Amino acid sequence: MDLSSTVGGGHSRLAASSHDPALYADPYRTYAAIHRAGGTVFWEDLGHWCFAGHARVNDLLRDRRFGRQILHIATREELGMAPPASHVKDFDAAEAHSLLELEPPAHTRLRTLVNRAFVSRKVEGMRSEIEALAHNLIDSFESDGEVELLSRFGEVLPVTVIAWMLGLPATDGPKLLAWSHAMVRMYLFERTREDEVAANTASRAFTTYLLERIAEKRRRPGDDLLTHMITAERGGERLSDAECVSTAILLLNAGHEATVHQIGNAVRTILESDRDATTLFRTAERTAATVEECLRFDPPLHLFMRHVLADCEIDRIALKKGERIGLFLAAANRDPVHFEEPDRFDPDRTRKDHLSFGAGLHFCLGAPLARLELQIALPALFARLPGLRLAQKPQVADTFHFHGLERLDLFW
Ligand code: HEM
């Protein structure tokens, strides 16, 4: 294992390359080794400390001395950061008002305005539409006896649902998917300049598209989230067009990229386990428990970064303002101190407090929606396609941060 002896605070160094196919194919072996070594490591490849213990990650996500953003309290020059690159300026503009790039008070203002659309009660109101959509998608391949699940089901369901919520035509789904795929490559460790240029082009097209839709909604308001965003007012303040565009792009990207891979990972987990799918989904309660265990066991987003906003000491490590740290959400889900036999898929386990949706200020806004989609999609697939099996061992996609499958070929 790529863990070598001590650095600061008596912790280990992690020598694994973030580009190593063995790491992204099975990161859980590395996480187990990190836990054996105490849960806190200096990852040489990234050049900063990373934390994997459940209690530690949970605390750090809630600790206001760490933030997703730091430019609200320090300048680029102070931090020794390069000036913004001009070839990604449209991407930067589209992200400028993203919830994920903001800290309070700007974050609080935006999040309050969009939050209402995502509360469980509101999301639950879409149950019958999402059920109908899931069954229509299954109708389109049921008689084939085989399917590549991600392209025919996993991708289509979440993007269609979030497009409905925003009041965008579902027929624009493929266009939205293409822009989103290009943009999320910016979050990969191994992105190239071509990726950056493609993400910038997609951001420009996506922004123009949304500004046109916003102008239409102003002329003909609908009962949808985009209309709500442009008309919502709090204390005499409204969202600017740029804020509406950033939020809509974040919702479209976050709203499906993670869910696609969670659907794929969950189906694979169940098919590779010794559990009988019909009992896993026998009641609504069993279904909810199975979904939570799938989220704990093999989530799509593994590592999130935070900036150190104030000098502090964590686990005997002196962290300086401006440094970065990494939080291994997926490793926290496999912490043996917190979860008994963490490498066993067990929907009956009583502890369900996984960190796959994060925690604290940036806790996933779409968690109620993602849970509902999974609670509908998984039972529908296993009920409609009895005898469902893997056609071949699925290949994990070649990125570490987005942990998902390249494709998922099934037959029944
Ligand atoms: C299984 C599916 C999903 C997973 C595993 C997931 C995971 C996460 C995680 C871990 C974060 C926190 C990031 C951090 O703390 O740095 C997050 C934030 C967020 N997610 Fe999700 N997500 C999922 C689905 C969705 C969906 C369906 C939507 C929207 C429709 C959504 C919208 C968001 C938004 C807007 C944020 C930013 C919240 C903020 O900064 O205040 N996510 N998600």
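Residues numbered from 1 in each chain as written. Predicted model: local features only at pLDDT ≥ 70, side-chain atom pairs only at ≥ 80, totals over all residues. Heavy atoms only, no water.

(A) Representation of the overall build of the protein in the model. When helices and strands are counted, the protein shows 18 helices and 14 strands. Compactness check: the protein gives a C-alpha radius of gyration of 21 Å against a globular reference of 22 Å for 412 residues, within 12% of the reference. By principal-axis analysis of the C-alpha atoms, the protein measures approximately 60 × 55 × 40 Å. By the burial criterion, 54% of the 412 residues in the protein qualify as buried. In the protein, once contacts between residues fewer than 6 apart in sequence are set aside, the share between residues at least 24 apart is 72%. In the form shown here, the protein has an accessible surface area of approximately 18,100 Å², with 51% of it arising from carbon and sulfur atoms. Counting 49 positive and 59 negative side-chain charges, the protein places the averaged centre of each group 4 Å from the other. (Helix = DSSP H or I, 4+ residues; strand = E, 2+ residues; numbered from the N terminus. Rg over C-alpha atoms; globule rule 2.2 N^0.38 Å. Buried < 20%, exposed > 50% of the residue type's maximum accessible area, 1.4 Å probe, protein only. Contact = heavy atoms within 4.5 Å. Areas by Shrake-Rupley, 256 points an atom, 1.4 Å probe, with all protein chains shown as cover. Lys, Arg positive; Asp, Glu negative; His and termini not counted. Charge placed at Lys NZ, Arg CZ, Asp CG, Glu CD.)

(B) Here's a closer look at the sheet that holds strand β13 (residues 389-390). Strand order in the open sheet formed by three strands is β6-β14-β13, and the pairing between neighbours is antiparallel. Each edge of the sheet is formed by a strand with only one pairing partner; in this case those strands are β6 (146-148) and β13. Summarising the sheet, β13 and strand β14 (residues 409-411) pair through two bridges and their orientation is antiparallel. Opposite L390, over in β14, you have L410 as the bridge partner. (Pairing = 2+ DSSP bridges.)

(C) Region of interest: the packing of aromatic side chains. Scanning the entire structure with this criterion turns up eleven aromatic pairs. When the ring of Y31 is compared with that of F328, the centres are 5.4 Å apart and the planes differ by 50°; the resulting orientation is tilted. You can see Y31 sitting in helix α2 (residues 27-36) and its partner F328 sitting in strand β12 (residues 324-328), a full 297 residues away along the chain. Three or more aromatic residues link up through ring pairs in this structure, and these residues are Y28, Y31, W43 and F328. When the ring centre of Y209 is taken as origin, the NZ or CZ atom of R213, which lies over that ring, is 4.6 Å away. (Phe/Tyr/Trp six-rings, centres within 6.5 Å; stacked < 30°, edge-to-face > 60°. Lys NZ or Arg CZ within 6 Å of the ring centre and 35° of its normal.)

(D) Focus on the pattern of salt bridges. If you walk through the whole model with that rule in mind, you get 28 salt bridges. Between R275 and D348 there is a salt bridge, with its nearest N and O atoms 2.9 Å apart. Here D348 lies in the loop between α17 (329-332) and α18 (367-384) and R275 lies in the loop between α14 (241-272) and α15 (277-280), a separation of 73 residues in the sequence. On the basis of relative accessible area, R275 is assigned to the partly exposed category, the value being 23%. Accessibility expressed as a relative area gives 44% for D348, which makes it partly exposed. In this structure, R344 engages D346 in a salt bridge whose closest nitrogen and oxygen atoms are separated by 3.5 Å. Look at D346 and you get buried, because its relative accessible area is 11%. (Salt bridge = Lys/Arg side-chain N within 4 Å of Asp/Glu carboxyl O.)

(E) A look at the sheet that holds strand β1 (residues 3-4). Spatial strand order, β1-β2-β3-β4-β12-β9-β5: seven strands in an open sheet with mixed pairing. The sheet is open, and its two edges are formed by β1 and β5 (66-67), each paired on a single side. Relative to strand β9 (residues 303-308), β5 runs antiparallel, the two sharing two bridges. Along β9, the bridge assignment pairs G67 with H307. On top of the sheet, helix α3 (residues 54-62) reaches β4 (48-51), β5, β9 and β12; it is set at about 130° to β12, its chief contact. (Axes fitted to C-alpha atoms, helices over the stretch in contact; angles between N-to-C directions.)

(F) Broad picture of the nonpolar core. Judged by nonpolar contacts, the single largest core of 87 residues is most densely connected at L149, F153 and L166. Broken down by element, this core gets its largest block of residues, twelve residues, from α14. Once residues within four sequence positions are removed from consideration, F153 is found in contact with A134, L137, I138, F141, P158, I263, A377 and L381. By size, the runner-up hydrophobic cluster in this structure holds 23 residues, among which are L188, F304, V308 and A359. (Core = buried A, V, L, I, M, F, W, Y, C linked by side-chain atoms within 4.5 Å.)

(G) Expanded view of helix α6 (residues 106-115). Looking only at α6, the buried set comprises H107, L110, R111, L113 and V114. Considered in projection along α6, the buried side chains sweep an arc of 160° and stay on one side of the axis. The secondary structure elements touched by the buried residues of α6 are α13 (225-231), β7 (233-234) and α14. (Arc of directions from axis to C-beta.)

(H) Summary view of the coordination of the iron atom of the ligand. Counting protein donors to the iron atom of the ligand gives just one, C364 (SG), placed at 2.3 Å. Position of C364 relative to the elements: it lies in the loop between α17 and α18. (Donors = N, O, S within 2.8 Å, 3.2 Å for Na, K, Ca; no water.)

(I) Broad picture of the site of the ligand. In the vicinity of the ligand, 29 residues are found, and the nearest of them are R68, H107, R306, H362 and C364. In this structure, R68 approaches the ligand through a side-chain N or O atom, which is 2.6 Å from an oxygen atom. H362 places a side-chain nitrogen or oxygen 2.6 Å from an oxygen atom of the ligand. At the level of secondary structure, the elements contributing two or more residues to the shell around the ligand comprise α6, α14, β9 and α18. In terms of residue class, the shell around the ligand is built from 18 nonpolar, eight polar and three charged. (Near = heavy atom within 4 Å. Polar contact = N/O pair within 3.5 Å; in protein donor to acceptor, adjacent residues only side chain to side chain. Nonpolar A, V, L, I, M, F, W, Y, C, P; charged D, E, K, R; others polar.)

The values reported here are purely geometric and, on their own, carry no functional implication.
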